[in-house]
Structure formats: C-alpha cells, structure tokens
Amino acid sequence: MEIDKAIGESEDKRLKTKYNNAIFIITRALSLYSIEEVAFSFNGGKDSTVLLHLLRAGYFLHKKEMSSSNGGLSSFPVRTIYFESPSAFTEINAFTYDAAQTYGIQLDIIRQDFKSGLEALLKANPIRAIFLGVRIGDPTAVGQEQFSPSSPGWPPFMRVNPILDWSYRDVWAFLLACKVKYCSLYDQGYTSIGSIHDTVPNALLSVNDTSSKEKFKPAYLLSDGRLERAGRVKKNASVKNDIDGDSQKHEVLLASVIAVGDEILSGTVEDRLGLYLCKKLTSVGWSVQQTSVIRNDIDSVSEEVDRQRSICDMVFIYGGVGPLHSDVTLAGVAKAFGVRLAPDEEFEEYLRHLISEQCTGDRNEMAQLPEGITELLHHEKLSVPLIKCRNVIVLAATNTEELEKEWECLTELTKLGGSTSLMESKRLMTSLTDVEVAEPLSKLGLEFPDIYLGCYRKSRQGPIIICLKGKDNARIDSAVQALCKKFKEGVFVDMK
Ligand SMILES: Cc1cc2nc3c(=O)[nH]c(=O)nc-3n(C[C@H](O)[C@H](O)[C@H](O)COP(=O)(O)O)c2cc1C
Ligand SMILES: Nc1ncnc2c1ncn2[C@@H]1O[C@H](COP(=O)(O)OP(=O)(O)OP(=O)(O)O)[C@@H](O)[C@H]1O
Ligand SMILES: [Mg+2]
C-alpha cells in the first residue's frame, strides 16, 4: 500500500509516530464498528485529505490483519459524506469530486446544515461512528479526545478524530512525504479553508512582487503553524479576562502565591520570587491572602491550586515548569481543574523556535498544557507566552530578573494593575513600647474600620513600625492625626 510504504521509507521519526498513532485509532475503530457502521466526513480540506489517506492505509492494514490478504486497494468501502455548500470554493468542490473519483469513493452529498444532515443520515443508515479531520488547534476541538461522543443536542454517534494531536507541520510533512494531491488553493497561499465569505490567502505567505497581482507562497512554506488561521476572518477576537466577572464581588482583589519546589522546602534554594510577587501585587492594590510552598508532587500542587483558586481572584504559581521529571506544576493545575494535559500546537511552535536544535524527540513534553482552560498571553518581549489557566497564572521565571520582565508583560496584558483602585499607605515609626501603643491602636481600629492597621518591628528591643493602609489618603491622614492626639507630640516619625 503506497501510503504505508511512503511513511515506512521516510526518515521523519516524528511523522512515523504520528502516523502509527493515527493508524492505531483507525484500526481500533474498524475493530469496534462494522464497515456499515462507520462514515468519513470529507470536505476536500488539507486535514480531510490527510485523513482520507490514513483511512485508506488503515483499512488496508486492518483487512490484512483480519484475512492475511496482501492485495491492493482499488475501492474505498467507508461511506463518505460531504456537506456541500453554495459558499464553498469551486476549487474545494472540484478537488473533493476529483479525489472521490481517483480513490473509488462513493460520495454521499448532503445539502443541509450539519445537524439536520446528520440526523437524516443516521435515520437512514446504521452509522455509529464518524471519522473527522479535527485537530487540537481547531476551535471546535476543545474538550475532544480521539474518541468523543457527539455533543448533547446532536444526533448520537462517536466522533473519531485520528489526527487530533497532529500539528500544521505534521499535516504538511505527511502530504509531502506521501506525494498525494491536495486542493490547489493550498498552493495559492490559503492555509486553512472555510467558506468564500470568510477565507482569504494568508498574508504571511505574500511575496513582494512588482507586478500588480499579489502572489503567495504555498501553504507548506508557512513556517509558523500557529498562524494557520491568519487568513480566516475572525468572528470575535475576544481576550477573556477572568479578573472581570465573578471576582468583582469584593472591593479588593484577592491573590494567592504558590511556589513549587522541594529545594525551597529543604532550604537549598531561597525563594525570592514570592517576596517579589507579594510586593508587586500589593503595589497595584491586590491583597495577597496566602503564600505557600509545595512539594514537586502532582497531587500536592493540585490540592493547593484547587483550594486557592476557589478562595482567591487570581492564583500565581511558579517553579516546577519545564521538561524535567520534577516539573509537575502544569499537571497539577490540570488535575485541579479536572482536565487532562494535551499537546498545544501554538505553544509547541514557540518552543520549537526557542529550542529547535535541541528538540530531537517526536513528542515535546513541555508543549502539553491543561486542555480547554488554557489561554496563552503573548507579548513581544517574551519568547514564550505566559500561561493562564482560568484564574491561575503559571509563571516560568526562575529568578527575579525574569520575573520582573514577566510581571511587566502581565500587567500590560491583563487588568492586574488597572482595574482596582490603588491602596494608599503611610508608615509611622515610634520608640513607644508595645504595651503603650496596644490599647490606643485597638481603639483607633474601631474608630477607622476602613483603614487597615498593621505593626511590625525589626528587633525585639527596637522601634515599632505602624502601617496604615486604605483607599483614601484623607482618611489615612485623619487616622494618623487621631493616633498622634492620643500621645505626646513627636513620638511618631513619618517614614513615608
Ligand atoms: C460529521 C460532523 C459531526 C459534527 N459533530 C458535532 C458535535 O458533535 N458537536 C458539535 O458541537 N459540533 C459538531 N459538528 C460541527 C463542527 O464542530 C463545526 O461546527 C463545523 O465543523 C463547522 O465549522 P465552521 O463553523 O468553522 O464552519 C460536526 C460537524 C461534522 C461535519
Ligand atoms: N463541509 C464539510 N463536509 C464534510 N466534512 C466536513 C465539512 N466541514 C468540516 N468537515 C469535517 O471537519 C473536519 C475539520 O474541518 P477543518 O475545516 O478544520 O479542516 P479541513 O477543512 O480538513 O482543513 P483546513 O483547516 O485547511 O480547512 C474536516 O477534516 C472534516 O472531517
Ligand atoms: Mg476547512
């Protein structure tokens, strides 16, 4: 079988792994369901074309296993459905029909919307599983696995997604290695194809040319697969912000800081990042509720994240991020939200740019992120985006310089520093004793419930420092005056 042979002869280790995994899913589905119970949803797009050839190879290998037949593959027995739409590109239509003829496919053309079309199809046929060319970066892939039942409200069938974990790069590696035909639009700068109303060539493939007609390079030359959908008109470029919404219930935003690291707990490494974060968060008006240090252990991280995320508006976690065995933070965050870690194509591209020469494996463990809850926060100053999982921000910094940069970007990208009214503060130093200040301070607290009163000392015998914090400077001044009135003049020194 030519596809199996081409991949067998390829030296691309990663492609072989992706191919073998996809074939495993296909042969598994063909063992679970009879040939009459499966269908292939084909639309002439590149992902669909990959799946067409994988299904041809998978069916051939499945047959060979069952009957030890060694023959070729002249026709394709899997029922193939195409939802034909008047707003499809003529090139897509033409390619779909052509491919059907070339590979002996009997096309079922459906001219209804997806849902009604599927309802009618399932009523008339014993179909229980449908193969789709959905990939993890597609907007519709969120929450899907290789085998995912159709959504509530849709007719009941199993969605089988053999190329769910394939990247843009994998798709082109496969089509080129197998030397199969694909829709001509992909040679004219189109990288992802929807309808004629929402799809244009990808501007990143534009070639500077003196002639009046704009020219484009072929889709396989797009070096950054994250930008595959740059030629699709965006429906709504929404940047979710979890700091909005529920969290505005209380006036002051609450934060929690979690450090992950056995080395901090054993005293081998000093945790300076926690201190830095507390200072920064306080300076922009947040109230840090708790800092904690957790072992490099998935369950410990998950329990702490779960606890803090429900109490606080935002949780900041650092340490344990990377490819080492001890880097369990993202797995812990995923577990806290009850989701799995899944390959993230967009993040993988960033890592590939960053560590391309060292990236020898066929799987990049660092590119696995909590599925369906992760938002990547891009900033031109950062080589890798910040990771935000709902109200948990995962920081990759390992020292204060790196953290400073991440913090700056974070405050620019989110409303961390902008949405709250800043806290004003004043510090007073006195050499009065604890006993002398204790009662007047308690009374002051009752008189000024809106002012936070804190005290600390640098040594047992040394002076006491009193902090007054609040939203209104005038109120702080009134509290300071009220406190001074309770004592002789000059016992408090303003430290501000
Ligand atoms: C065979 C098939 C099965 C589908 N099953 C589901 C489903 O179970 N749940 C769902 O929300 N959408 C389902 N869809 C719709 C797709 O998720 C998606 O909305 C569709 O591919 C349109 O994408 P577009 O809006 O980018 O054109 C299905 C589509 C097809 C072709
Ligand atoms: N009109 C359709 N008819 C049949 N199947 C469809 C249709 N639209 C989408 N699908 C199914 O959904 C899958 C995902 O669609 P998607 O548009 O993301 O990929 P593609 O069209 O194969 O490639 P591209 O990303 O380049 O457009 C397809 O591979 C196909 O299985
Ligand atoms: Mg498409």
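Overview of the structure. Quantities reported herein were computed from a predicted structural model and do not represent experimental measurements. (Residues numbered from 1 in each chain as written. Chains lettered and ligands numbered in written order. Predicted model: local features only at pLDDT ≥ 70, side-chain atom pairs only at ≥ 80, totals over all residues. Heavy atoms only, no water.)

## What to know about the pattern of salt bridges
- The final tally for this structure, using the stated rule, is 32 salt bridges.
- A salt bridge links Lys5 to Glu9; the shortest N-O distance between them is 3.5 Å. On the criterion of helical spacing, the pair formed by Lys5 and Glu9 is a turn pair, its members being four residues apart in helix α1 (residues 2-9). For the pair formed by Lys5 and Glu9, the shared burial category is exposed.
- Residue Arg135 pairs with Asp47 through a salt bridge whose shortest N-O separation is 3.1 Å. Pair noted here: Arg135 is in the loop between β4 (129-131) and β5 (147-149) and Asp47 is in helix α3 (residues 46-67), with a separation of 88 residues, a long-range link.
- Connected via shared salt-bridge partners are Arg14, Lys18, Asp165, Asp170 and Glu348. (Salt bridge = Lys/Arg side-chain N within 4 Å of Asp/Glu carboxyl O. Helix = DSSP H or I, 4+ residues; strand = E, 2+ residues; numbered from the N terminus. Buried < 20%, exposed > 50% of the residue type's maximum accessible area, 1.4 Å probe, protein only.)

## Observations concerning the site of ligand 2
- Inspection of the region around ligand 2 gives 19 residues, with Ser41, Lys46, Ser48, Tyr186 and Ile193 positioned closest.
- Isolated, ligand 2 exposes 590 Å² of accessible area, and the fraction of that covered by the protein chains is 87%.
- Elements supplying a minimum of two residues to the shell around ligand 2: α3 and β2 (79-83).
- Per-class residue counts for the shell around ligand 2 are eight nonpolar, seven polar and four charged. (Near = heavy atom within 4 Å. Areas by Shrake-Rupley, 256 points an atom, 1.4 Å probe, with all protein chains shown as cover. Nonpolar A, V, L, I, M, F, W, Y, C, P; charged D, E, K, R; others polar.)

## Some thoughts on the packing of aromatic side chains
- For the coordinates displayed, the defined rule picks out 13 aromatic pairs.
- Pairing Phe40 with Phe42 gives two aromatic rings, centres 5.3 Å apart and planes at 35°, and the pair type is tilted.
- Given a relative accessible area of 1%, Phe42 falls into the buried group.
- These aromatic residues form a ring-pair network of at least three members: Trp172, Tyr182, Tyr186 and Tyr220.
- Sitting above the plane of the Phe337 ring, Arg309 keeps its charged end 4.3 Å from the centroid. (Phe/Tyr/Trp six-rings, centres within 6.5 Å; stacked < 30°, edge-to-face > 60°. Lys NZ or Arg CZ within 6 Å of the ring centre and 35° of its normal.)

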